[in-house]
Amino acid sequence: WKDLFIAEPEPQLLKFKALCLCHEKSTLTFRKIKKAAEEGNIQNPHTLCKVMRGAFVDFDTDPEKWDMVPSDEDIDKMSPLIGNKSLFFLVELGMDLETWDTINHRQTKRDLVKLNKDILDEWMLICKVKNVRPTMRMIAQAYKSIGKDIRVLENTLFN
């Protein structure tokens, strides 16, 4: 573990990569996790449902604005709001660790806003390749899932 820590100086990224490797090598299922949680009396098993479903964002008010494709200007406005949750945001957008490594490797300076902008730009490209329409709704859901207040995003973008 100490050798790995030296090779990867960012503790959160190291932990996340270790978790991903365990997941890839495991036959772990949601049912097995639920059973273990119940047997170990660790938590209410319904907590797992909340994790699997993600944080719900109410898009009932002005749904048409959330279905818009973000512009370059929107991405510029959102990038600083993500803060230091870049890796988590990337994962919530459905991107993989290889993408993180590529984007992070391109960083010559420790510019957090540029890192976040690069993540959003890469996500837009991935959506285009997969023929998926990238929407503000998808970004807002990821933003909420990393523990951010969706109203900040809404006020920044739509006011």
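Above this text sits the structure in question.
Within each chain, residue numbers correspond to sequence positions counted from 1 in written order. For this predicted model, a pLDDT threshold of at least 70 governs which residues receive local features, and a threshold of 80 or more governs which side-chain atom pairs are given and counted, while totals over whole chains, interfaces and linings are taken from all residues. Hydrogens and water molecules were not included; the side-chain quantities draw on all heavy atoms of the structure.

**With respect to the nonpolar core**
To keep it simple, the criterion reads: Take the buried residues of types Ala, Val, Leu, Ile, Met, Phe, Trp, Tyr and Cys, join any two whose side-chain atoms come within 4.5 Å, and each joined set is a nonpolar core. Exposure is judged per residue with a 1.4 Å probe applied to protein chains only, and the accessible area is read against the type maximum: over 50% gives exposed, under 20% gives buried, and values in between give partly exposed. Only DSSP runs of H or I covering at least 4 residues are called helices, and only runs of E covering at least 2 are called strands; the numbering of each starts at the N terminus. Residues count as neighbours in contact if any of their non-hydrogen atoms are within 4.5 Å of one another.
In this structure, Met78, Phe89, Leu93, Trp100, Ile119, Leu120 and Leu153 are the most contacted members of the largest nonpolar core, which totals 30 residues. For this core, the elements supplying multiple residues, two or more each, are helix H2 (11-24), helix H6 (72-82), helix H7 (86-92), helix H8 (97-106), helix H9 (112-129), helix H10 (136-145) and helix H11 (150-158). It is H9 that contributes the most residues to this core, six residues altogether. Once you skip the residues sitting within four places of it in the chain, Leu120 turns out to touch Ile75, Met78, Ser79, Ile82, Phe89, Leu93 and Ile139.

**Digging into the packing of aromatic side chains**
Put simply, the rule reads: Here is the rule: rings of Phe, Tyr and Trp (six-membered ring for Trp) pair when centre to centre is within 6.5 Å. Planes less than 30 degrees apart are stacked, more than 60 are edge-to-face, and the remainder are tilted.
Scanning the entire structure with this criterion turns up one aromatic pair. Arranged with centres 5.2 Å apart and planes meeting at 85°, the rings of Trp66 and Phe158 form a pair that is edge-to-face. Remark: Phe158 occurs in helix H11 and Trp66 occurs in helix H5 (residues 63-66); sequence separation between them is 92 residues.

What is shown is where atoms sit, not what they do.
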